[in-house]
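# Architecture and fold: a report
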Amino acid sequence: MTWRATVLTLFPEMFPGTLGSSLAGKALADGKWALETIDIRDFATDKHRSVDDTPAGGGAGMVMRADIAAAAIDAARVNAAPGTPTLYLSPRGTPLTQDRVRTLAQAPGAILLCGRFEGIDQRVLDARNVEEVSIGDYVLSGGELAAQVLIDACVRLLPGVAGNEGSLAEESFASGLLEYPHYTRPREWEGRTIPDVLLSGDHRKIAEWRREQAEALTKTRRPDLWAKLKRK
Ligand code: ADE
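Remember, it's a predicted structure, so these values are computed and weren't measured experimentally. (Residues numbered from 1 in each chain as written. Predicted model: local features only at pLDDT ≥ 70, side-chain atom pairs only at ≥ 80, totals over all residues. Heavy atoms only, no water.)

## Things to note about the site of the ligand
Taken together, L89, S90, P91, V133, S134, I135, G136, Y138, V139, L140, G142 and A146 make up all the residues around the ligand. At 3.1 Å from a nitrogen atom of the ligand is found a main-chain nitrogen or oxygen belonging to S90. The separation between a nitrogen atom of the ligand and a polar main-chain atom of I135 is 3.0 Å. If the ligand stood free it would expose 260 Å²; the protein chains cover 96% of that surface. Counting only elements with at least two residues in the shell around the ligand, the list comes to strand 5 (86–95) and strand 8 (131–134). For the shell around the ligand, the leading source of residues is strand 5, giving 3 residues. Tallied by class, the residues present in the shell around the ligand amount to 8 nonpolar, 4 polar and no charged. (Near = heavy atom within 4 Å. Polar contact = N/O pair within 3.5 Å; in protein donor to acceptor, adjacent residues only side chain to side chain. Areas by Shrake-Rupley, 256 points an atom, 1.4 Å probe, with all protein chains shown as cover. Helix = DSSP H or I, 4+ residues; strand = E, 2+ residues; numbered from the N terminus. Nonpolar A, V, L, I, M, F, W, Y, C, P; charged D, E, K, R; others polar.)

Below, the structure written as structure tokens:
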């Protein structure tokens, strides 16, 4: 079965976007995953095709209506394989991690709801069992870029997409550590040399050096990841 991303958005022209190029783009063209966009505005019911309204209780901005978002979600679910999760991209969501990406890549696909206003009526998230997911502690102008980030992270893990399973196993987060530094020719560049151990041909020593580098990097840059690893 092909992993399928169904994106609910007011801006379907933003897709495939970055997902049309490089690794994900080639895999899409090769049919290794599928992308469908659903225009939320198609589910508007009034003559102005409005999808949002002013917030109950007052305040700034507009809120996406529950009835319209629900109709879009229900339409997406008609064609989705059983077990396909529905996620709402939002800075309030559970932070996306590589562990979660691995789980999502093993699901049949994902239905991704993108917001563009102050938010969405909470009732639709509750009634349709939609989980909020964030790609980081900053605010984007909409969920579309976040959806592309999530899809890219999943697609590269699909069987036959990356074509180099070894590098997947060694990359950052695979072992809970950040990845060690890389070098290639020339041996000397602007007076900087490649660490001797990497030219030694001693594979045990090289692996040891890489491990040390990965640990040192993780400790200094990501004390949060390091602490989690020590607790395991
Ligand atoms: N929409 C706006 N900001 C976002 C974020 N940080 N993560 C996911 N979706 C978002």
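## Structural notes on the pattern of salt bridges
Oppositely charged side chains may form a pair once their charged atoms are brought near each other. Per the stated rule, a full pass over the model turns up 14 salt bridges. In this structure, R92 and E132 form a salt bridge, with 2.4 Å as the shortest nitrogen-oxygen distance. Highlighted residues: R92 in strand 5 and E132 in strand 8, separated in sequence by 40 residues. With a relative accessible area of 14%, E132 lands in the buried category. (Salt bridge = Lys/Arg side-chain N within 4 Å of Asp/Glu carboxyl O. Buried < 20%, exposed > 50% of the residue type's maximum accessible area, 1.4 Å probe, protein only.)

## As for the sheet that holds strand 2 (residues 33–39)
Spatial ordering of the open sheet is given by 2-1-6-5-8, a layout of 5 strands whose pairing is parallel. Every other strand in the sheet has two partners, leaving strand 2 and strand 8 as the edge strands with one partner each. Taken pair by pair, the neighbouring strands of this sheet meet at an average axis angle of 35 degrees, ignoring direction. As paired elements, strand 5 and strand 6 (residues 109–114) share 4 bridges and run parallel to each other. Paired with L89 across the two strands is C114, which belongs to strand 6. (Pairing = 2+ DSSP bridges. Axes fitted to C-alpha atoms, helices over the stretch in contact; angles between N-to-C directions.)

## Looking at the domain arrangement of the chain
A common way to report how large an interface is uses the accessible area buried once the components associate. Assigned domains within the chain: domain 1 (3–155) and domain 2 (170–231). Placing a centre on the C-alpha atoms of domain 1 and another on those of domain 2 gives a separation of 36 Å. (Domains from an automatic or database assignment.)

## Re helix 5 (residues 144–155)
The end-to-end C-alpha separation of helix 5 is 16 Å, in line with the 16 Å expected for 12 residues at 1.5 Å each. The element helix 5 is largely enclosed, with a buried count of 9 among its 12 residues. (Expected span 1.5 Å × (residues − 1).)

## Here's the deal with the nonpolar core
Judged by nonpolar contacts, the single largest core of 26 residues is most densely connected at W3, W33, L112, L150, I151 and V155. When residues of this core are traced back to their parent elements, those giving at least two are strand 1 (3–9), helix 1 (22–29), strand 5, helix 3 (98–106), strand 6 and helix 5. Tallying contributions element by element places helix 5 first for this core, with 7 residues. Each residue touching L112, except ones within four places of it in the same chain, is listed here: T6, V7, L8, L87, L89, A147, L150 and I151. In terms of nonpolar packing, the next biggest core, distinct from the first, is built from 22 residues, L8, A44, M64 and V124 among them. (Core = buried A, V, L, I, M, F, W, Y, C linked by side-chain atoms within 4.5 Å. Contact = heavy atoms within 4.5 Å.)

## With respect to the packing of helix 7 (residues 203–221) against helix 8 (residues 223–231)
When two helices pack together, their arrangement is given by the angle between the helix axes and the distance between those axes. Contact geometry for helix 7 and helix 8: axes closest at 5 Å, N-to-C directions at 115 degrees. Counted together, E215, T218, K219, T220 and R221 of helix 7 and P223, L225 and W226 of helix 8 form the full contact between these two elements. Among the residues making up the contact of helix 7 with helix 8, the classes are represented as 3 nonpolar, 2 polar and 3 charged.

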